Amino acid sequence: DTGVSQDPRHKITKRGQNVTFRCDPISEHNRLYWYRQTLGQGPEFLTYFQNEAQLEKSRLLSDRFSAERPKGSFSTLEIQRTEQGDSAMYLCASSLGRGAQSNTGELFFGEGSRLTVL
Amino acid sequence: GNSVTQMEGPVTLSEEAFLTINCTYTATGYPSLFWYVQYPGEGLQLLLKATKADDKGSNKGFEATYRKETTSFHLEKGSVQVSDSAVYFCALTVWIQGAQKLVFGQGTRLTINP
């Protein structure tokens, strides 16, 4: 299966620690998205990459959050000085786009990385 | 702004019952509309979509019609199965920098009993 993979699947950390999540998108996909999902809610957009360029960041992404996609392939999402409010499922998705508004609209999601901050 | 409101869950039905999950939206412009499904232990996956008014999306026996006049995209299935138990998310697209950002509803958990 060559779908979107995320690592780790689960992370438990103490408040104040740093955590990093990794996402490997479908290999030919040039677009990569991070979403956050809290219990009982739908996913909320965090940030988006086209190739290696980070083109949009949500206001949800505070200064403690940083995302990279250095070679336009895998991406990392780092949270510094974690807080209990950061506890959530972090979802990565990818898609293939060949030009402005030429996307089919389908995002392919990974299974997510669940973060618990104690 | 852009938002999606879904029917509150959880929804519990018996096998072979008729299913409707309501979804209404608020959007600027003319968004595409989607239903995504999340089966237990799996990632979100696209169930169906509609890109313009009066379009009907369908897949796996599920259907939804893009109703611009009522700003709705209700999900229906005539006869549900136990395997349909999952969380269903209605979503619309917002275009950003040439790519689509999905705005999701809060999700509706569906449980089908045999």
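Residues numbered from 1 in each chain as written. Chains lettered and ligands numbered in written order. Predicted model: local features only at pLDDT ≥ 70, side-chain atom pairs only at ≥ 80, totals over all residues. Heavy atoms only, no water.

1. Some thoughts on the overall build of chain B
Helix and strand content of chain B: 0 helices and 12 strands. Going from N to C terminus, chain B has its helices and strands arranged as β-β-β-β-β-β-β-β-β-β-β-β. Looking at chain B as a whole, 49% of its 114 residues qualify as buried. Of the charged side chains in chain B, 9 are positive and 10 negative; the average position of the first set lies 8 Å away from that of the second. (Helix = DSSP H or I, 4+ residues; strand = E, 2+ residues; numbered from the N terminus. Buried < 20%, exposed > 50% of the residue type's maximum accessible area, 1.4 Å probe, protein only. Lys, Arg positive; Asp, Glu negative; His and termini not counted. Charge placed at Lys NZ, Arg CZ, Asp CG, Glu CD.)

2. Looking at the state of the cysteines
Residues and elements named next belong to chain A. Counted by the stated rule, this structure contains 2 disulfides over all chains. Covalently, C23 is tied to C92 through a disulfide, its sulfur atoms 1.9 Å apart. Negative torsions about the S-S bond denote left-handed disulfides, and the value of about -70° found for C23 with C92 makes this one left-handed. Within this pair, whereas C23 is found in strand β3 (residues 19–24), its partner C92 is found in strand β9 (residues 88–95), the two being separated by 69 residues in sequence. Here the two residues C23 and C92 agree in accessibility, since each one is buried. (Disulfide = S-S within 2.5 Å.)

3. Overview of the nonpolar core
Ranked by size, the top nonpolar core spans 28 residues in total, and within it W35, L47, L48, F73, L75 and Y88 of chain B carry the most contacts. Broken down by element, this core gets its largest block of residues, 5 residues, from strand β10 (residues 86–96) of chain B. Not counting the four nearest positions on each side in its chain, Y88 of chain B is found in contact with Q6, I21, W35, Y36, V37, L47, F62, L75, G107, T108 and L110 of chain B. Counting residues in each nonpolar core, the second largest holds 19 residues, with L61, F65, A67 and V117 of chain A among its members. (Core = buried A, V, L, I, M, F, W, Y, C linked by side-chain atoms within 4.5 Å. Contact = heavy atoms within 4.5 Å.)

4. Quick notes on the sheet that holds strand β3 (residues 19–21) of chain B
Strand pairing in a sheet relies on backbone hydrogen bonds, with the paired strands running either antiparallel or parallel. Residue and element names in this part refer to chain B. Strands sit in the order β3-β9-β8-β7 across an open sheet of 4 strands; the sheet is antiparallel. The sheet terminates laterally at β3 and β7 (56–59), the two strands that pair on one side only. The mean inter-strand angle of the sheet, taken between neighbouring strand axes irrespective of direction, is 20°. Pairing between β7 and strand β8 (residues 62–65): 4 bridges, direction antiparallel. Counterpart to K56 in the pairing with β8 is T65. (Pairing = 2+ DSSP bridges. Axes fitted to C-alpha atoms, helices over the stretch in contact; angles between N-to-C directions.)

5. Looking at the packing of aromatic side chains
Two aromatic rings are characterised by how far apart their centres lie and by the angle between their planes. If you walk through the whole model with that rule in mind, you get 13 aromatic pairs over all chains. Each ring, one from F109 of chain A and one from F104 of chain B, has its centre 6.1 Å from the other, and the planes form 70°; the classification is edge-to-face. Residue F109 of chain A is found in strand β10 (residues 108–109), and its partner F104 of chain B is found in strand β11 (residues 99–104); the two belong to separate chains. As far as the burial class goes, F109 of chain A and F104 of chain B line up, both buried. Between Y36 of chain B and F104 of chain B, the aromatic rings sit 5.8 Å apart at their centres with planes inclined by 65°, giving edge-to-face as the arrangement. Note that Y36 of chain B is positioned in strand β5 (residues 33–38) and F104 of chain B in strand β11, a separation of 68 residues in sequence. (Phe/Tyr/Trp six-rings, centres within 6.5 Å; stacked < 30°, edge-to-face > 60°.)

6. Considerations on the environment of Q17 of chain A
Residues and elements named next belong to chain A. Checked against the element boundaries, Q17 lands in the loop between β2 (10–13) and β3. C-alpha of Q17 to C-alpha of T82: the two residues are 65 residues apart in sequence and 5.6 Å apart in space. In this structure, Q17 is in contact with I79, Q80, R81 and T82, ignoring residues within four places of it in sequence.

7. Things to note about the side chain of S75 of chain A
Residues and elements named next belong to chain A. As for its placement among the helices and strands, S75 is situated in strand β8 (residues 75–79). Judged by relative accessible area, which is 0%, S75 ranks as buried. Only 2.7 Å separates the side chain of S75 from the backbone oxygen of E68, close enough to count as a polar contact. The contact partners of S75, leaving out residues within four places of it in the chain, are F21, R22, C23, L32, W34, F49, E68 and R69. (Polar contact = N/O pair within 3.5 Å; in protein donor to acceptor, adjacent residues only side chain to side chain.)

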